[in-house]
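Summary of structural features
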Amino acid sequence: MKVDQETLHKIAHLARLEVRPEEEADLLNSLNGVLTWMEQLNELDTTGVEPLTHISAETNVLRDDVVGNHLPREQALANAPQHDEQFFEVPKVLE
């Protein structure tokens, strides 16, 4: 498949891209290069190759969510710009 100027204009319109006339030649070359590469990939025999859905077989390993006092209150409030002795003080967001 070869992309011509008319097809480029249609793609640009559908993608809501503004293509300047001086950019058209470079874009046509790039698009045709990608399509040529895809045609080469289509020539490969992929029989028996499973589709790849993830780059790695690893899964997220998350710790259990356990309630506890992991950080003492005094330490948590130590660098807060505003606080009382128990809570962070923040500006009112909703009126």
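Residues numbered from 1 in each chain as written. Predicted model: local features only at pLDDT ≥ 70, side-chain atom pairs only at ≥ 80, totals over all residues. Heavy atoms only, no water.

So, about unusual backbone geometry. Residues other than glycine seldom take positive phi values, yet Arg 16 does so here, at roughly 55 degrees. By the element assignment, Arg 16 lies in the loop between α1 (5-14) and α2 (21-42). (Helix = DSSP H or I, 4+ residues; strand = E, 2+ residues; numbered from the N terminus.)

By the element assignment, Glu 24 lies in helix α2. Among the polar contacts listed, one links the side chain of Glu 24 to the side chain of His 9, at a separation of 3.0 Å. If we ignore the near neighbours within four places in the chain, the residues touching Glu 24 are Gln 5, Leu 8, His 9 and Val 19. (Polar contact = N/O pair within 3.5 Å; in protein donor to acceptor, adjacent residues only side chain to side chain. Contact = heavy atoms within 4.5 Å.)

On to the environment of Arg 20. Within the fold, Arg 20 resides in the loop between α1 and α2. The class of Arg 20 is partly exposed, set by a relative accessible area of 45%. C-alpha of Arg 20 to C-alpha of Val 90: the two residues are 70 residues apart in sequence and 50 Å apart in space. (Buried < 20%, exposed > 50% of the residue type's maximum accessible area, 1.4 Å probe, protein only.)

So, on to α2. Compared with the 32 Å implied by 1.5 Å per residue over 22 residues, the 32 Å span of α2 between its first and last C-alpha is a close match. Among the residues making up α2, those that are buried are Glu 24, Leu 28 and Asn 32. The inward-facing, buried residues of α2 contact α1. (Expected span 1.5 Å × (residues − 1).)

Note that all results are geometric; they support no functional claim without further evidence.
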